[in-house]
Amino acid sequence: MTDIIEVSQLTKKFKIQKPSSGLKSFFKPEYKNVTAVDKISFAIKKGERVAFIGPNGAGKSTTIKMLSSILYPTSGTALVNGLVPWDNRKKLAYDIGTVFGQRSQLWYNLPVQDSFALMGKIYDLDEIPFKRRLSKLVKLFEIRDLLEHPTRSLSLGQRMRCEIVASLLHKPQILFLDEPTIGLDVTAKEIIRDLIKKQALEEDTTLLLTSHDTDDMEKVCERVIIINKGKLIFDDSISALRDSYLNKKYIEITTEGGKKIRTVVNTKEKPAKQAIDELVKKYHVTDMTIENPPMEEIIKEIYSRE
Amino acid sequence: MNKYASLFWISFKQAWSKKANLSGMLFFLFILIFIYNCLWEAIAAESMESGLNRVFIWYLLFAEMIILSNPKIDRTLFDDIQSGTMAYYINKPISFFFMRYTEALGNMSVSFLIMGGFGAAITLILTGTPPFEWWQFPIIFAMCFASSCINVLLYTAVGLCGLWLASIRTLGMAVERLAFILGGAIFPLSIYPDWFVDIAKWTPFYSFYYLTIKLVYDFSWTNLAEAFILNTFWVALMSTFVITTYKKLTKRINVYGG
């Protein structure tokens, strides 16, 4: 399979003004360079679903912005579907879709269907193929009941489903998703993850998904790239990551008296099911949560093994 | 339909559906026309010039149609710049600037037409027939509509100043006041002293507002040509500013990401 995204030595530095209250700084402000992305290189094949994860401020969004033609890099090269993103903004726009979890591309006061109609016009879609495409996506993302509601009245989870539909209307080959599950509750996160994966598999869409939630990558993607402080520190399959670093589960139970007990299980030594059974036998459990290790811990472990 | 025409039409429909907004605007217009009619009637009675209120109330109506139909695009653009929203539209196959401008024109058109219809009926009842010939109406109407579009462009320029300013409220208010005074949006400049008119002539407000609205009571091909030529000059100058600023803004987004 051919590479649809090729990134080589991509670097982005921001020039930031140093905080100072002196009179001198008013006339001659001092700046410092902050490296957000530091010489990262990777390639993604067509149809691959890749998680691009890291803690806050790792450089995930900056990378996505460069690959989706919003930002110019300081140095390095990138090819997205054979085009240099920042030099071919208009041309590339028809090949990529973007969803930014913290921003909306829908018109706030317009009914969702009007926003979709406008997106169709923006991407120069013909009437009949557009309607056919919309109908398919509406069914897939189960948003028929939302079409007549203005965006402002939707819940975050509903809005996110509509955002994804809006970004898929022109049938992009690559979909960039920047924190699509941010702020969502557990159920809404599950729904969004399932829908993203289902669509990608159905249409062979290449996915690049950023998140600091390890569950997002486990549920949606097959490969993971971990970035920290702008540097690429891990690039392998999810199963490789799971075997090496995601072999711990955090189990928290609440007992009948309201007492919370938290325990860490190494799944290599003991399956999670066995650990849960033991806890249920030992305590009268009223509630239970099972979590992966947080991102920070995985990164710490990756560094400690280097 | 072209993407910009669709944007225009959608925002037109949206503005049309905001009945409470439109009612408030028409109520304000009614109060304004009523009060100024009383004022001009009193002035006319004192100066023994009958029909003075008819001329100036029709003038006021067209002035208000231009001024009040402004959809506050300056604030929208400023918010887009400050919040970084603009960056997220930059990788779409549409010009963000023209997108916002077209949306504003859709909004403006509804207000302009509604105020035109309602205001004309009120003014007709209160003061009588307009001071221009009926055949001149389409020309005056088209010129005033063009002035409204220019007015939106002017406030677009104000909004884009968000690139340098932390707040554009003061600038927006200053432009609004200057439009009222130097553009003769409340009283025609012909009643001001000559030195004041000489100053006003050097500003864009003179042609954007006064020269256009003046056609209501002093229509001539010479006045029309003067309004057209001067407006074209100022629009070219302002467009250059707007396009240059927008390019600077895009460049900054490309470097800093919004």
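From a predicted model like this one, the values you see are computed outputs, not experimental measurements.

Draft legend 1. Here's a closer look at the overall build of chain B. Tallying secondary structure elements over chain B gives ten helices and zero strands in all. Overall, chain B shows an N-to-C arrangement of helices and strands of α-α-α-α-α-α-α-α-α-α. What you see for chain B is a C-alpha radius of gyration of 19 Å, in line with the 18 Å of a compact globule of 258 residues. Dimensions of chain B along its principal axes, counting C-alpha atoms only, are 65 × 40 × 30 Å. Every one of the 258 residues in chain B was classed for burial, and the buried ones make up 41%. Put simply, of all contacts in chain B between residues at least 6 apart along the chain, 80% involve residues at least 24 apart.

Draft legend 2. Quick look at the overall build of chain A. Assigned secondary structure in chain A consists of eleven helices and twelve strands. Its C-alpha atoms give chain A principal-axis dimensions of about 60 × 55 × 50 Å. Counting all 306 residues of chain A, 39% fall into the buried class. Considering only contacts in chain A between residues 6 or more positions apart, those separated by 24 or more positions represent 69%.

Draft legend 3. Representation of the confidence of the model for chain A in the model. Averaged over all residues, the pLDDT of chain A equals 87, while 96% of them reach at least 70. Taken element by element, the predicted model of chain A shows its lowest mean pLDDT in helix H1 (residues 23–27) of chain A (67) and its highest in strand S4 (residues 75–80) of chain A (94).

Draft legend 4. Molecular detail of the interface of chain B and chain A. Between chain B and chain A, the residue contacts involve 19 residues of the former and 23 residues of the latter. Those elements that place two or more of their residues in the side of chain B that touches chain A are helix H1 (3–17) and helix H10 (221–256) of chain B. It is H1 of chain B that provides the largest number of residues to the side of chain B that touches chain A, a total of five residues.

Draft legend 5. Summary view of the environment of Gly76 of chain A. Residues and elements named next belong to chain A. Within the secondary structure layout, Gly76 lies in strand S4. Of the residues examined, Gly76 has 17 C-beta atoms within 10 Å and is grouped as partly exposed. Spatially, the C-alpha atoms of Gly76 and Gly120 are 34 Å apart, while their sequence positions differ by 44 residues.

Draft legend 6. Representation of the packing of helix H2 (residues 19–47) of chain B against helix H3 (residues 52–68) of chain B. Residue and element names in this part refer to chain B. It is at 9 Å that the axes of H2 and H3 come closest, and there the two elements cross at 150°. In terms of axis orientation, H2 runs roughly antiparallel to H3. When you trace H2 past H3, the crossing you get is right-handed. Here Met25, Leu29, Leu32, Ile33, Tyr36, Asn37, Trp40, Glu41, Ile43, Ala44 and Ser47 of H2 come into contact with H3, specifically with Leu52, Asn53, Phe56, Ile57, Leu60, Leu61, Glu64 and Leu68.

Draft legend 7. Focus on the nonpolar core. By size, the foremost hydrophobic cluster in this structure holds 137 residues, and its most contacted members are Val165 of chain A together with Phe62 of chain B. For this core, the leading source of residues is H3 of chain B, giving eleven residues. Val165 of chain A has contacts with Phe116, Leu137, Val138, Phe141 and Ile143 of chain A, leaving out every residue within four places of it along the chain.

Draft legend 8. The arrangement of the domain arrangement of chain A in detail. Residues and elements named next belong to chain A. Split into domains, chain A comes out as domain 1 (46–73 + 88–244) and domain 2 (248–305). A separation of 31 Å is found between the C-alpha centroids of domain 1 and domain 2. Taken together, the contact pairs ten residues of domain 1 with six residues of domain 2. Broken down by secondary-structure element, the contributors of at least two residues to the side of domain 1 that touches domain 2 are helix H8 (214–220), strand S8 (223–228) and strand S9 (231–237). Across the side of domain 1 that touches domain 2, the residue classes tally to five nonpolar, four polar and one charged.

Draft legend 9. Region of the structure containing the sheet that holds strand S10 (residues 248–255) of chain A. Residue and element names in this part refer to chain A. What the three strands build is an open sheet, ordered S11-S10-S12; its pairing is antiparallel. Only two strands of the sheet have a single neighbouring strand rather than two, namely strand S11 (260–266) and strand S12 (285–291). Each strand axis lies, on average, 20° off the axis of its neighbour in the sheet, ignoring direction. Across seven bridges, the pairing between S10 and S11 is antiparallel. Of the residues in S11, the one forming a bridge with Ile253 is Ile261. On top of the sheet, helix H10 (residues 272–282) reaches S10, S11 and S12; it is set at about 20° to S10, its chief contact.

Draft legend 10. Representation of the packing of H2 of chain B against helix H5 (residues 96–127) of chain B within the structure. All names here are of chain B. Where H2 contacts H5, the two axes come as close as 10 Å, and the packing angle between them is 35°. Judged by the sense of rotation from one axis to the other, the crossing of H2 with H5 is right-handed. Residue-level inspection shows Leu22, Met25, Leu26, Leu29, Phe30, Ile33 and Asn37 of H2 in contact with H5, the latter providing Ser111, Ile114, Met115, Phe118, Gly119, Ile122, Thr123, Leu126 and Thr127.

Draft legend 11. Structural context of the sheet that holds strand S2 (residues 31–45) of chain A. All names here are of chain A. Spatial strand order, S2-S1-S4: three strands in an open sheet with antiparallel pairing. Of all strands in the sheet, those with a lone pairing partner are S2 and S4, marking the two edges. Neighbour to neighbour, the strand axes of the sheet diverge by 25° on average, direction disregarded. Note: strand S1 (residues 3–17) against S4, five bridges, orientation antiparallel. What sits directly across from Thr11, in S4, is Ser75. Strands S1, S2 and S4 of the sheet are contacted by helix H2 (residues 60–67), whose axis makes an angle of about 120° with S1.

Each value, and the rule that gives it
Residues numbered from 1 in each chain as written. Chains lettered and ligands numbered in written order. Predicted model: local features only at pLDDT ≥ 70, side-chain atom pairs only at ≥ 80, totals over all residues. Helix = DSSP H or I, 4+ residues; strand = E, 2+ residues; numbered from the N terminus. Rg over C-alpha atoms; globule rule 2.2 N^0.38 Å. Buried ≥ 20, exposed ≤ 12 C-beta atoms within 10 Å, placed from the backbone. Contact = placed C-beta atoms within 7 Å. pLDDT = per-residue confidence, 0-100. Axes fitted to C-alpha atoms, helices over the stretch in contact; angles between N-to-C directions. Parallel < 35°, antiparallel > 145°, perpendicular 65-115°, else oblique. Left-handed = near helix turned anticlockwise from the far one by under 90°. Core = buried A, V, L, I, M, F, W, Y, C linked by C-beta atoms within 7 Å. Domains from an automatic or database assignment. Nonpolar A, V, L, I, M, F, W, Y, C, P; charged D, E, K, R; others polar. Pairing = 2+ DSSP bridges.

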